[in-house]
Amino acid sequence: MPAVDDRTAVLAELESEAIWAMRETAAAFARPVLLYSIGKDSTVLLHLARKAFHPGPIPFPVLHVDTGWKFKEMIAFRDAAADRLGLDLRVATNQAGRDEGVNPFSHGAQEYTRIMKTVALREALDAGGFDVAIGGARRDEERSRAKERVFSLREAGHRWDPRNQRPEFWRTVNSSLVEGQTMRSFPISNWTELDVWRYIEAEGLDVVPLYFSADRPVVYRDGVPFMVDDDRFPLAEGETPEVTSVRFRTLGCYPLTGGVTSQAHTVDEIITELATNNRSERSGRTIDGEGAASMERKKAEGYF
């Protein structure tokens, strides 16, 4: 295990790279926007943006795609953070999909994600005229994201082609765009899940309480605990929620986000737990259930 001083040096280097990417993005593009999913990665991203432009405000808006099915605690955390930090928060929703009653149960995880996340994101980026979207994706999350560059080109319609990515030479960025093209900027690409939590601990950042173990009402589907967050969650015949000590390693729409049984109640306990756990961070995400090819297909359609 690396010494504490070594870990501190690694975090300092990662922070420096991320702040450089933030400043490069703001300088090279006309209309940046920061994508805010409310999770731990975007919490770190938001903190880095504040550091990058301190003592001034973040010089671009913050965009959250709200499907209407996020955990209640996530929305409460988002609104509190926006008020506390004075964010220029924009909330995007596919209102047509919501009016039609599109939901994770009637349409299935993949189609629901396409309509309520991918389409909503593309429409919001187009409506805002944003030429670059800053996101918290990391290369260690899964295989298709490992193919991304820190500055990742998107073709017309926000389509991603992994074969058409520009080489990265140190800190020389090819930021030129032709008509219809946009860019995605991923300042924490080179971070790991452990790096994120160690940075959260070092900086004393607040995160959504769902990341910490607590007694929560869950039902088990294929051995995975899903939290019954409100009365829209349909129970199978004979199925009754049971209170179990669970936490979430990744956050999204609650019907599609499985938890893990855990006794990690603090950031330090999460770090200890992760250091001895080799299970995939996104193993509880239903939308990833068809493997890397599924995620790559969604990204090609414009999914984050």
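Residues numbered from 1 in each chain as written. Predicted model: local features only at pLDDT ≥ 70, side-chain atom pairs only at ≥ 80, totals over all residues. Heavy atoms only, no water.

## Thoughts on the overall build of the protein
What counts is decided by this rule: The helix and strand labels rest on DSSP assignments: H or I over at least four residues marks a helix, E over at least two residues marks a strand, and numbering proceeds from the N terminus. Per-residue accessibility, obtained with a 1.4 Å probe over protein chains only, is compared with the maximum for each type, and a residue is labelled buried under 20%, exposed over 50%, and partly exposed between these values. Residues are treated as being in contact if the distance between any of their heavy atoms lies within 4.5 Å. Using the Shrake-Rupley algorithm and a 1.4 Å probe, accessible areas are obtained, with residue cover drawn only from the displayed protein chains.
On a plain count of helices and strands, the protein comes out with eight helices and ten strands. By residue count, 53% of the 304 residues in the protein fall in the buried class. Counting contacts in the protein only where the partners sit at least 6 residues apart, residues at least 24 apart contribute 74% of the total. Accessible surface for the protein amounts to roughly 13700 Å². Of this, 50% is attributable to carbon and sulfur atoms.

## Notes on the packing of helix α2 (residues 40-53) against helix α6 (residues 193-203)
In plain terms, the rule: Axis definition: a line fit to C-alpha positions, over the contact stretch in the case of helices; interaxial angles, taken between N-to-C directions, run 0 to 180 degrees. Roughly parallel refers to an angle under 35 degrees, roughly antiparallel to one over 145, roughly perpendicular to one between 65 and 115, and oblique to any angle outside these ranges. Handedness of each helix crossing follows the sense of rotation of the near helix against the far helix: counterclockwise by less than a right angle gives left-handed, clockwise gives right-handed. Asp, Glu, Lys and Arg are counted as charged, while Ala, Val, Leu, Ile, Met, Phe, Trp, Tyr, Cys and Pro are counted as nonpolar; the rest, among them Gly, fall into the polar class.
Running from amino to carboxyl end, α2 crosses α6 at an angle of 55°, the nearest separation of the two axes being 10 Å. The pairing of α2 with α6 is recorded here as oblique in orientation. Where α2 crosses over α6, the two elements pack in a sense that is left-handed. Mapping the contact onto sequence places Lys40, Asp41, Val44, His47, Leu48 and Lys51 in α2 and Glu193, Val196, Trp197, Tyr199, Ile200 and Glu203 in α6. Broken down by class, the residue content of the contact of α2 with α6 amounts to six nonpolar, one polar and five charged.

## What to know about helix α3 (residues 72-85)
Our working rule: For a helix, the expected span equals 1.5 Å multiplied by the residue count minus one. Here the arc refers to the directions that run from the helix axis out to each C-beta atom.
In this model α3 runs 20 Å from its N-terminal to its C-terminal C-alpha over 14 residues, within 8% of the 20 Å that 1.5 Å per residue would give. Considered for burial, the residues of α3 that qualify are Met74, Ile75, Phe77, Arg78, Ala81 and Ala82. Down the axis of α3, the smallest arc covering the buried residues is 160°, so these residues share one side. In α3, the exposed residues that point more than 90 degrees away from the buried face are Asp83 and Arg84.

## Looking at the environment of Phe53
Of note, Phe53 is situated in helix α2. As a C-alpha pair, Phe53 and Ala26 span 27 residues in sequence and 9.8 Å in three-dimensional space.

## A closer look at unusual backbone geometry
Residue Pro55 follows His54 across a cis peptide bond; omega there is 10°. In this fold, Pro55 is placed in the loop between α2 and β2 (62-65). In this structure, His158 takes a positive phi of about 65° despite not being glycine. Positionally, His158 belongs in the loop between β5 (151-154) and β6 (182-185). Residue His158 is classed as buried on the basis of its relative accessible area of 4%. A positive phi angle, near 55°, is found at Asp222, a position not held by glycine. Relative to the helices and strands, Asp222 resides in the loop between β7 (214-221) and β8 (224-227).

## Digging into the sheet that holds β8
For clarity, the cut-off: Strand pairing requires that DSSP identify at least two bridges connecting the strands.
Taken in spatial order, the four strands make up an open sheet running β8-β7-β9-β10, and their pairing is antiparallel. Looking at strand neighbours, the two that pair on one side only are β8 and β10 (260-261), the edges of this open sheet. When β7 meets strand β9 (residues 242-247), the two strands line up antiparallel, connected through five bridges. Each residue of the ladder has a partner; that of Val218, found in β9, is Glu242.

## A short note on α2
With 14 residues, α2 should cover 20 Å at 1.5 Å per step; its first-to-last C-alpha distance of 20 Å lies within 8% of that length. With twelve of 14 residues buried, α2 lies mostly within the body of the structure. For α2, every residue scored as buried is listed here: Lys40, Asp41, Ser42, Thr43, Val44, Leu45, Leu46, His47, Leu48, Ala49, Ala52 and Phe53.

## Some points on the sheet that holds β2
Strand pairing in a sheet relies on backbone hydrogen bonds. The paired strands run either parallel or antiparallel. Ordered by their spatial adjacency, six strands build an open sheet running β3-β2-β1-β4-β6-β5, and the pairing between neighbours is mixed. The open sheet has two edge strands with one neighbour each: β3 (89-92) and β5. The mean inter-strand angle of the sheet, taken between neighbouring strand axes irrespective of direction, is 30°. Two elements, strand β1 (residues 32-35) and β2, share two bridges in a ladder whose sense is parallel.

## As for the packing of aromatic side chains
Heads up, the condition is: By convention, a stacked pair of Phe, Tyr or Trp rings (six-membered ring in the case of Trp) has centres within 6.5 Å and planes under 30 degrees apart, an edge-to-face pair has planes over 60 apart, and any other such pair is tilted. We call a charge positioned over a ring when the NZ of a Lys or the CZ of an Arg lies within 6 Å of the ring centre and within 35 degrees of the ring normal.
Summed over all chains, the structure comprises eleven aromatic pairs. Ring geometry for Trp20 versus Phe151: centroids 6.1 Å apart, planes at 80°, classification edge-to-face. In this pair, Trp20 is assigned in helix α1 (residues 4-28) and Phe151 in strand β5, connecting sequence segments 131 residues apart. Ring geometry for Trp197 against Tyr211: centres 5.3 Å apart, planes inclined by 80°, an arrangement best described as edge-to-face. Linking Trp197 in helix α6 with Tyr211 in the loop between α6 and β7, this pair joins segments that are 14 residues apart in sequence. A relative accessible area of 0% means that Trp197 is categorised as buried. Taken together through their ring pairs, the aromatic side chains of Trp69, Phe71, Phe105, Phe233, Phe248 and Tyr254 make up a single cluster. Here the guanidinium or amino end of Arg232 rests over the ring plane of Trp69, the centre of that ring lying 3.8 Å away.

## Some details on the pairing of β8
A two-sided burial pattern is seen for β8, the buried positions comprising Val224 and Phe226 on one face and Pro225 and Met227 on the other. As paired elements, β7 and β8 share four bridges and run antiparallel to each other. Paired with Tyr220 across the two strands is Pro225, which belongs to β8. A loop of two residues connects β7 with β8, the two strands running antiparallel in sequence, and Asp222 in this loop sits at a positive phi of about 55°.

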